[in-house]
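The residues making up each chain are set out below.
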Amino acid sequence: MLAWTIYLSFIGAAAVTFTPGKSAAVARLTALLTTLAGLFIAIVAVAHDPSGHQINIVKAPWMPRLGIEYHLAADGISLVLVFLTGLAAVAGVLFSWNIEKRVKDFFGLYLFLIGAVYGVFLSFDLFLLFVFYELAIIPKYFLIAIWGSTRREYAAMKLVLYSFAGSALVLAGMVAAYVVSGQRSMSLEALAHFSFSPHFQMWAFPLVFVGFAVLAGMWPFHTWAPTGHAAAPTAASMLLAGVVMKLGAYGCLRVAMMLFPRGLDPWGFRVLGFGSWQQVFAVLAVIGIVYGASVALVQKDLKFVVGYSSVSHMGFVLLGLMTLNQIGLAGAVYQMFSHGIIAGLLFAVVGRMVYDRTHTRDLGELSRMPLARLIPFAAVTFVLAFMASIGLPGFSGFVAELEVLIGSWRAFPWMAWIGGLGILIGIAFSWRALQATFFGEPTTTAEQVVPPMTLPERLGACLLLGSSIVLGLYPRLLMNLILPGLNGPLFEQLRRGDWR
Amino acid sequence: MNGSGYFALLRLTEPEIIVALTGLLVLILDLSFLRRTSLAVRFRGAVAAASIGCAVALGAIERLPAQGSWMAGMLVVNPLTLLVQAALLVLAILILLLVDSARFTRHVGEYCALMLFATTAMMLLVSTQNLLMIFITIEFLSLSLYILTGFDKESRPSAEAGLTYFLFGGMSAGILLFGMSLLYGISGSLSLGEVATAVNRSPGDPLLTIALVMVVTGFGFKIAAAPFHMWAPEVYQSAPTWSATLVASSSKVASFFALFIFFYLGLMGAAGNAARGNYSIGWAPLIAIIAVASMLWGNLAAIAQTSFRRLLAYSAIGHAGYMLIALVIHSRQSFVSLVYYVITYALATVGAFGVLAALEEERVDSIADFRGLSKRAPGLSFCLLIFLLSLAGIPPLAGFFGKFYVFASALDRANHSGLLWLVLLALGMSVVSFYYYLKVLKQAYVSEPVAGAGVIRVPATTRIALWIAAALVVLLGCLPDLLLDRIAAALH
């Protein structure tokens, strides 16, 4: 049944694009119903089998000559991310209710992107996964280039070229794995149980990991993220930060680490103090955390603040992955979910609630407007969202970052310290942005009139905030899915008997 | 079926004879019955007759014996040649459907007849394993293409392009012939099989080395691989659109097929090895150098182009580089991947030129002319999207699978990592190619149309041809086994 998340999104995309007439309302409603159906299916699937063990959905030969299968399946980790996609998709439609330009095209591309993202999370055949991964690139370009703002064409091109370059690396590693295993199979299960030679894993792992990590915003390949997020229309930046960056992180875990776990082993020699790819990528992740937060601290454009904060938070995901222990990895997956919701919410406040009303994102100008009084709902949402973002207890971000830090404390203690420093800087930039946007000193005496909050905005904000709080207070809801996933047979080579 | 009598020859060349006779028939039809009718009717009549002829030839291919040879390889019929011939005929029909809306010349019969003659030459080129026949059919093909390129008598660039093509082509033919004469001198035979035996006997012969360089150069001109590509941008840009389509699509299929057959059957003994760590001298490293040069130069120069046709020309040079990788590997699997690649590439190219043909009246040349195409002709620009993304190698379109399969066969060979450098370079260059294809799509989908630009009406036949090509590109991409199974079965 989960497969219908994919099919429904594609059908919805076709329906929105090809229905005759120019009615924007029909397009919006179709998009909302489609995404709601996707979310509903995801919830039912989780409720139906909350064990987190692998569920096979479809398995049929696709290209028998090459042993490529059409294999959709889900384990706990996929389910978590499918659930996230459902949430982000619904919220994205709600927050783009006010789009007037080429509405049908917008929602068509939007649903197409959603369908491709579902596809990546549910594919258990490497080839299929890659096909969906690439399918997600094209709609991103058009969403940003057509409906975007600041330097949209540049940002869109930069984003897709980075994505495409990353996927070229992935393709190289994927083809190599296919050929070297010699099994005439691209099935993730078959490849995960095949022991590639350590020498092969040593070069295949960084290739594929970096390929995916480009999309996860790993420093120094993160530069597409802030420009892309800032230029994208609200719904697209919500999806980009909320879901698409997770595609990268998911690929790192599901493909690079699951198939080539020996690539993380020590090299046996040291270069510049590094002894293994694990250390290299952990350091890059920590640099990303601190660097993203520090740059966010000095931005003038509110959307760039949120964009760089995404880089910083995705650093936690990568750091969690590199800890290689159970709690760190679980924290990384939890952070994928948590950041997906919170980043979506932040972009919604910045792009939809504030920018669409004030037509500026400049912190200086915003501080001269009495926004907290004009749109109190936005102010409250923003405060709560930033509280969640800096990891205050009670929100999902707290659980995630705490687990990542504990995990990294076990793996490399000094990096936990630097990661903690990143959180402190995070508090600083959040404070600064918050103050400038909503609690500045209004100078304009003339009474400004802004359109009131609409119902879709309120619904979207409540949906995302509610999930963050529920999952912050009751993390077992997702942990019960993530842990069986990590302890499943697929990650056996990564665990090596037991977790480190 | 083997033999040497004329009856056997007639039997084996039935499809070619049908196509050639159709060419003559079209000529007569146009000069006699259609002479006094309007240009539209003449084009419609000639195209109808020509496409029916091609369809009949397709039927004749089905009836041919699955194996056959005439005069020890002078003419060879096997499932693979039949498959490629069928592909050439399908491409010819698609191109003829596009020609239906052409109005640039009054010499309708001659134009269609020349297209059919060129197709005949390609069909013969793929079904021979004899040096002399290869040379003659290449010349036959080239002569038709020179005339087709310069066919627009009222356009000065067209004539110039025709002359450029002729000069380069003539020179390359000389070089190729010189190389072939050396091969004949070494082996004392014109048959590729005999050449192979002689090459196996003395792979290090200096005379052979010269012959190899000559042959590679000669073929390099034909397939427009760098550094022998100089004629391509001009021909693509200035030839009548439909002639350029033929040059860019089906003639590529035939040339690449003949090239692979030539090296695979005739010169296998002197292949050498281009893999890192296993290097040995021969033509494989030479081809690898040309492949690298083509990929680099084609893709990088394409970035700077403002004319869409020139962009396609440089991208064709880049694609020639990818296809040459298959030749560097020269394994059975890589042969399958090459045939798949070149056929799907030709389909996408016919499509891209078809879009240009549909825009003929708009005088579209520069990329900026595509501005707002999605509003003015939504169907047309969707087709353009499919074709360009396929050329860029986005799954699930055919272009992606072609690249995937070429790379898979490259890594399958040579202890898995010997040719990794070539694959990584190709992947890097495909990122570059994605950039310039996307630049065109950006104009079509993102930019607003020029004020006052109306809706574009696409002629029905053009629309049919484009949708068929687009459907094939999607279908072969989603289910590549449809074609792969046939190629692989034919190869056994």
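Owing to the predicted nature of the structure, the values given are computational and were not obtained by experimental measurement. Starting from 1, residues in each chain are numbered consecutively following that chain's sequence as written. Numbering of ligands from 1 and lettering of chains from A proceed in the order in which they are written. Thresholds applied to this predicted model are a pLDDT of at least 70 for local features of residues and 80 or more for the giving and counting of side-chain atom pairs; totals over whole chains, interfaces and linings are not thresholded and use all residues. Only heavy atoms go into the side-chain values, all of them from the structure, while hydrogens and water stay out.

Asker: Mind showing me how you'd approach the overall build of chain B here?
Answerer: Counting its regular elements, chain B contains 21 helices and 3 strands. Overall, the C-alpha framework of chain B stretches about 70 × 50 × 40 Å when taken along its three principal axes. By definition, residues are in contact when any of their heavy atoms lie within 4.5 Å. Counting only contacts in chain B whose residues sit at least 6 apart along the sequence, the fraction spanning at least 24 positions is 79%. For chain B, the accessible surface area stands at approximately 16,600 Å², while carbon and sulfur atoms represent 67% of it. Two residue types count as positive, namely Lys and Arg, and two as negative, namely Asp and Glu; His and chain ends fall outside the count. By convention, the charge on Lys lies at NZ, on Arg at CZ, on Asp at CG and on Glu at CD. The positive charge centre, built from 28 side chains, and the negative charge centre, built from 22, are 4 Å apart in chain B. Under the DSSP-based scheme used, a helix requires at least four consecutive residues in state H or I and a strand at least two consecutive residues in state E, with every element numbered from the N terminus. Areas reported as accessible are Shrake-Rupley estimates using a 1.4 Å probe. Residue values count occlusion only from the protein chains shown.

Asker: Help me understand the overall build of chain A in this model?
Answerer: Looking only at helices and strands, chain A features 22 helices and 4 strands. Within these notes, the globule rule equals 2.2 Å times the number of residues to the 0.38 power, and the radius of gyration is based on C-alpha atoms. Relative to its length of 500 residues, chain A is compact, with a C-alpha radius of gyration of 22 Å against a globular reference of 23 Å. Structurally, chain A occupies a C-alpha span of about 70 × 55 × 40 Å along its principal axes. Buried means the residue's accessible area, taken with a 1.4 Å probe over protein chains only, is under 20% of the maximum for its type, while exposed means over 50%, and partly exposed covers the values in between. Counting every position in chain A, which comprises 500 residues, the buried fraction comes to 67%. When contacts within chain A are restricted to residue pairs at least 6 apart in sequence, long-range pairs at least 24 apart make up 80% of them. Surface summary for chain A: the accessible area is close to 16,200 Å², and the carbon and sulfur share equals 69%.

Asker: Looking at this structure, how should I read the nonpolar core?
Answerer: Soluble globular proteins tend to bury their nonpolar side chains together. One finds Phe 127, Phe 209 and Met 257 of chain A together with Phe 262, Phe 263 and Phe 404 of chain B to be the most contacted residues of the largest nonpolar core, which totals 428 residues. Discounting residues that sit within four places of it in the chain, Phe 262 of chain B has contacts with Leu 131, Ile 134, Met 180, Leu 183, Leu 192, Val 215, Phe 219 and Leu 267 of chain B. As used here, the term nonpolar core means buried Ala, Val, Leu, Ile, Met, Phe, Trp, Tyr and Cys residues forming a set that is joined through side-chain atoms within 4.5 Å.

Asker: Before we go on, may I ask you to explain empty space enclosed by the protein in this structure?
Answerer: Empty space among the atoms becomes visible once a probe the size of a water molecule is rolled across them. Lining residues are defined by having an atom within 4 Å of a point belonging to a cavity or pocket. Those points lie on a 1 Å grid over the protein atoms alone, cavities being sets where a 1.4 Å probe fits but cannot get out and pockets being open sets with protein on both sides within 12 Å along at least five of seven lines. Grid points are joined across faces, edges and corners, and a volume is the space filled by probe spheres set on the points. If you walk through the whole model with that rule in mind, you get 7 cavities of 30 Å³ or more. Lining the largest cavity are 14 residues, with Phe 164 and Leu 171 of chain A together with Gly 393, Leu 427 and Ser 430 of chain B positioned closest to its centre. Contributing elements (two or more residues each) for the lining of the largest cavity: α5 (126-135) and α7 (152-181) of chain A together with α18 (398-412) and α19 (420-445) of chain B. Sorting elements by how many residues they give to the lining of the largest cavity places α7 of chain A first, with 4 residues.

Asker: I keep staring at the confidence of the model for chain A and nothing clicks. Help me out?
Answerer: For residues with low pLDDT, the predicted coordinates do not support detailed interpretation. As a per-residue measure, pLDDT reflects the predictor's confidence and takes values from 0 up to 100. Residues at a pLDDT of 70 or more form 99% of chain A, whose mean pLDDT is 88. Taken element by element, chain A is modelled with least confidence in helix α16 (residues 371-374) of chain A, mean pLDDT 78, and with most confidence in α5 of chain A, mean pLDDT 93.

Asker: Sorry if this is basic, but what is going on with the pattern of salt bridges here?
Answerer: When a carboxyl oxygen of Asp or Glu is within 4 Å of a side-chain nitrogen of Lys or Arg, the pair counts as a salt bridge. Counted under the stated rule, the structure contains 20 salt bridges over all chains. Residue Arg 262 of chain A is joined to Asp 265 of chain A by a salt bridge in which the shortest nitrogen-to-oxygen separation is 3.2 Å. For the pair Arg 262 of chain A and Asp 265 of chain A, one class covers both residues: buried. Residue Asp 100 of chain B pairs with Arg 44 of chain B through a salt bridge whose shortest N-O separation is 2.9 Å. Placement of the pair is Asp 100 of chain B in the loop between α4 (79-99) and α5 (108-126) and Arg 44 of chain B in helix α3 (residues 39-63), with a sequence separation of 56 residues. Within the structure, one salt-bridge network assembled from shared partners comprises Arg 352, Asp 356, Arg 357 and Glu 457 of chain A.

Asker: Before we go on, may I ask you to explain the packing of helix α15 (residues 332-358) of chain B against helix α20 (residues 460-478) of chain B in this structure?
Answerer: Two quantities define a packed helix pair, namely the angle between the axes and the distance from one axis to the other. All names here are of chain B. Every axis corresponds to a line fitted to the C-alpha atoms, with the helix fit spanning only the stretch in contact, and the corresponding angles, defined between N-to-C directions, vary from 0 to 180 degrees. Contact pair α15 / α20: the axes reach a minimum separation of 9 Å and the direction vectors enclose 150 degrees. On the basis of the axis angle, α15 is roughly antiparallel to α20. In the packing of α15 onto α20, the handedness of the crossing is left-handed. Between α15, through Tyr 340, Thr 344, Leu 347, Ala 348, Gly 351, Gly 354, Val 355 and Ala 358, and α20, the contact on the second element is made entirely by Thr 462, Leu 466, Ala 469, Leu 472, Val 473, Leu 476 and Gly 477. Angular relationships are summarised with four words: roughly parallel below 35 degrees, roughly antiparallel beyond 145, roughly perpendicular across 65 to 115, and oblique for the angles in between. Here a crossing is called left-handed whenever its near helix is offset anticlockwise from the far helix by less than a right angle, and right-handed whenever the offset is clockwise.

Asker: Whenever I open this one, the interface of chain B and chain A confuses me. Can you help?
Answerer: Reports of interface size often rely on the accessible area that becomes lost once the parts have come together. Each side of the interface is counted separately: chain B has 42 residues, and chain A has 35 residues. Regarding the contact of chain B and chain A, the summed buried area is about 3,300 Å², with carbon and sulfur atoms giving 80% of it. For the pair chain B and chain A, the number of links is 3 salt bridges. Its salt-bridge partner being Lys 442 of chain B, residue Glu 153 of chain A comes within 3.0 Å of it at the nearest N-O pair. Residues adjacent in sequence count toward polar contacts only when both atoms are side-chain atoms; beyond that, a polar contact is any pair of N or O atoms within 3.5 Å, and within protein one must be able to donate a hydrogen and the other to accept it. Remark: the boundary between chain B and chain A carries 5 residue pairs in polar contact (both at pLDDT 80 or more). Elements that contribute at least two residues to the side of chain B that touches chain A include exactly α16 (373-376), α17 (378-392), α18, α19, α20 and α21 (481-491) of chain B. Looking at which element gives the most residues to the side of chain B that touches chain A, the answer is α19 of chain B, with 12 residues. Charged residues are taken to be Asp, Glu, Lys and Arg, nonpolar residues to be Ala, Val, Leu, Ile, Met, Phe, Trp, Tyr, Cys and Pro, and polar residues to be all remaining types, Gly included. Looking at the side of chain B that touches chain A, its residues break down into 28 nonpolar, 7 polar and 7 charged. Accessible surface is computed with a 1.4 Å probe, and the buried area is the amount of it that two parts give up when combined, taken over both parts together.

Asker: How should the packing of helix α13 (residues 283-303) of chain B against helix α14 (residues 308-329) of chain B be read in this particular structure?
Answerer: Residues and elements named next belong to chain B. Packing of α13 against α14 leaves a shortest axis separation of 7 Å and a crossing angle of 155 degrees. When the axis of α13 is compared with that of α14, the two are roughly antiparallel. By crossing handedness, the relation of α13 to α14 is classed as left-handed. Broken down by class, the residue content of the contact of α13 with α14 amounts to 18 nonpolar, 6 polar and no charged.

Asker: Sorry, what's going on with the layout of surface pockets here?
Answerer: What the largest pocket holds in volume is close to 1,500 Å³. As for the largest pocket, its lining consists of 43 residues, and the residues nearest its centre are Thr 17, Phe 18 and Leu 109 of chain A together with Phe 382 and Leu 385 of chain B. Residue composition of the lining of the largest pocket, by class: 32 nonpolar, 6 polar and 5 charged. Roughly 770 Å³ of internal volume is contained in the second largest pocket. In terms of lining, the second largest pocket is formed by 31 residues, of which the most central are Trp 242, Ala 357, Leu 359, Glu 360 and Glu 361 of chain B. Counting only elements with at least two residues in the lining of the second largest pocket, the list comes to α7 (156-187), α10 (231-238), α11 (241-248), α15 and α20 of chain B. Of the residues in the lining of the second largest pocket, the class split is 13 nonpolar, 7 polar and 11 charged.

Asker: What is the right way to look at the environment of Ile 367 of chain B in this model?
Answerer: Within the secondary structure, Ile 367 of chain B is located in the loop between α15 and α16. If near-sequence neighbours (up to four positions away) are discounted, Ile 367 of chain B is found in contact with Gln 305, Thr 306, Ser 307, Phe 308, Leu 311, Lys 439, Val 440 and Gln 443 of chain B.

Asker: Is there a simple way to think about the pairing of strand β1 (residues 55-63) of chain A in this case?
Answerer: Each regular strand shows side chains that alternate between the opposite faces of the sheet. Residue and element names in this part refer to chain A. Should DSSP find at least two bridges between two strands, the strands are regarded as paired. Here β1 pairs with strand β2 (residues 68-74) via 7 bridges, running antiparallel. When the bridges of β2 are listed, Ala 60 appears paired with Tyr 70. Counting the residues that bridge the hairpin from β1 to β2 gives 4 residues, and of these Gly 67 lies at a positive phi of roughly 70 degrees.

Asker: Would you explain helix α12 (residues 277-297) of chain A in this entry?
Answerer: Expected helix span is given by 1.5 Å per residue-to-residue step, counting one fewer step than there are residues. Taking 1.5 Å of rise per residue, the 21 residues of α12 of chain A would be expected to cover 30 Å, and the 30 Å separating its terminal C-alpha atoms lies within 8% of that figure. Of all 21 residues in α12 of chain A, 15 are buried, a share of seventy percent or more.

Asker: How should I be thinking about the packing of aromatic side chains in this particular structure?
Answerer: We describe a pair of aromatic rings using the distance from one ring centre to the other and the angle between the two ring planes. Ring geometry is summarised as follows: Phe, Tyr and Trp rings, the Trp one being its six-membered ring, pair when their centres sit within 6.5 Å, and such pairs are stacked at plane angles under 30 degrees, edge-to-face over 60 and tilted between the two. On inspection of all chains with the given rule, the structure shows 60 aromatic pairs over all chains. Plain terms: the ring middles of Trp 4 of chain A and Tyr 7 of chain A are 5.4 Å apart, the flat faces sit at 85 degrees to each other, and that makes the pair edge-to-face. Placement of the pair is Trp 4 of chain A and Tyr 7 of chain A together in helix α1 (residues 3-18), with a separation of 3 residues, close to one helical turn. Connected via pairs of aromatic rings, a cluster forms that spans Trp 62, Phe 127, Phe 130 and Tyr 178 of chain A together with Tyr 340, Phe 400, Phe 401, Phe 404 and Tyr 405 of chain B. Lysine NZ or arginine CZ positioned within 6 Å of the ring centre and within 35 degrees of the ring normal marks a charge as sitting over the ring. The ring of Tyr 355 of chain A carries the charged tip of Arg 361 of chain A above its face, separated from the ring centre by 5.1 Å. Over the face of the ring belonging to Phe 377 of chain A we find Arg 458 of chain A, whose NZ or CZ atom lies 4.9 Å from the ring centre.

Asker: Please clarify how a positive patch on the surface should be interpreted in this entry.
Answerer: Residue and element names in this part refer to chain B. Residues enter a patch when their relative accessible area is above 30% and they make no salt bridge; the linking distance is 9 Å between like charges and 5 Å between nonpolar side chains (Val, Leu, Ile, Met, Phe, Trp, Tyr). A cluster of basic residues, Arg 35, Arg 36, Arg 106 and Lys 153, forms a positive patch at the surface. Structurally, Arg 36 is set in the loop between α2 (14-32) and α3. Note on Arg 36: relative accessible area 81%, which makes it exposed.

Asker: Would you mind showing me how to read the side chain of Arg 102 of chain A here?
Answerer: In this structure, Arg 102 of chain A sits in the loop between α3 (76-95) and α4 (103-122). The buried category is assigned to Arg 102 of chain A, whose relative accessible area is 17%. Setting aside residues no more than four positions away along its own chain, Arg 102 of chain A makes contact with Ile 146 and Trp 147 of chain A together with Ser 374, Lys 375, Tyr 445, Val 446 and Glu 448 of chain B.

Asker: It is not clear to me how the confidence of the model for chain B should be interpreted in this structure. Could you clarify?
Answerer: For chain B, per-residue confidence averages 91 on the pLDDT scale, and residues scoring 70 or more make up 98% of the total. Here the prediction assigns the complex a pTM of 0.94, and the interface score ipTM is 0.92.

Asker: Looking at this structure, how should I read the environment of Ser 187 of chain B?
Answerer: All names here are of chain B. Relative to the helices and strands, Ser 187 is located in helix α7. Each C-alpha atom, one on Ser 187 and one on Thr 197, is 7.8 Å from the other, the two residues being 10 residues apart in sequence. Contact partners of Ser 187, with chain neighbours within four places excluded, come to Glu 194, Val 195 and Ala 198. A distance of 3.0 Å separates the side chain of Ser 187 from the backbone oxygen of Leu 183, its partner in a polar contact. A polar atom in the side chain of Ser 187 sits 3.1 Å from the backbone oxygen of Ser 189.

Asker: Got a minute to help me understand the environment of Ser 467 of chain A in this structure?
Answerer: All names here are of chain A. With respect to the helices, strands and loops of the structure, Ser 467 is situated in helix α20 (residues 455-473). Given the relative accessible area of 11%, Ser 467 is considered buried. In the structure, Ser 467 is positioned 380 residues away from Leu 87 in sequence and 8.7 Å away in space, judged by C-alpha atoms. Not counting residues within four places of it along the chain, the set of residues in contact with Ser 467 comprises Leu 87 and Ile 341.

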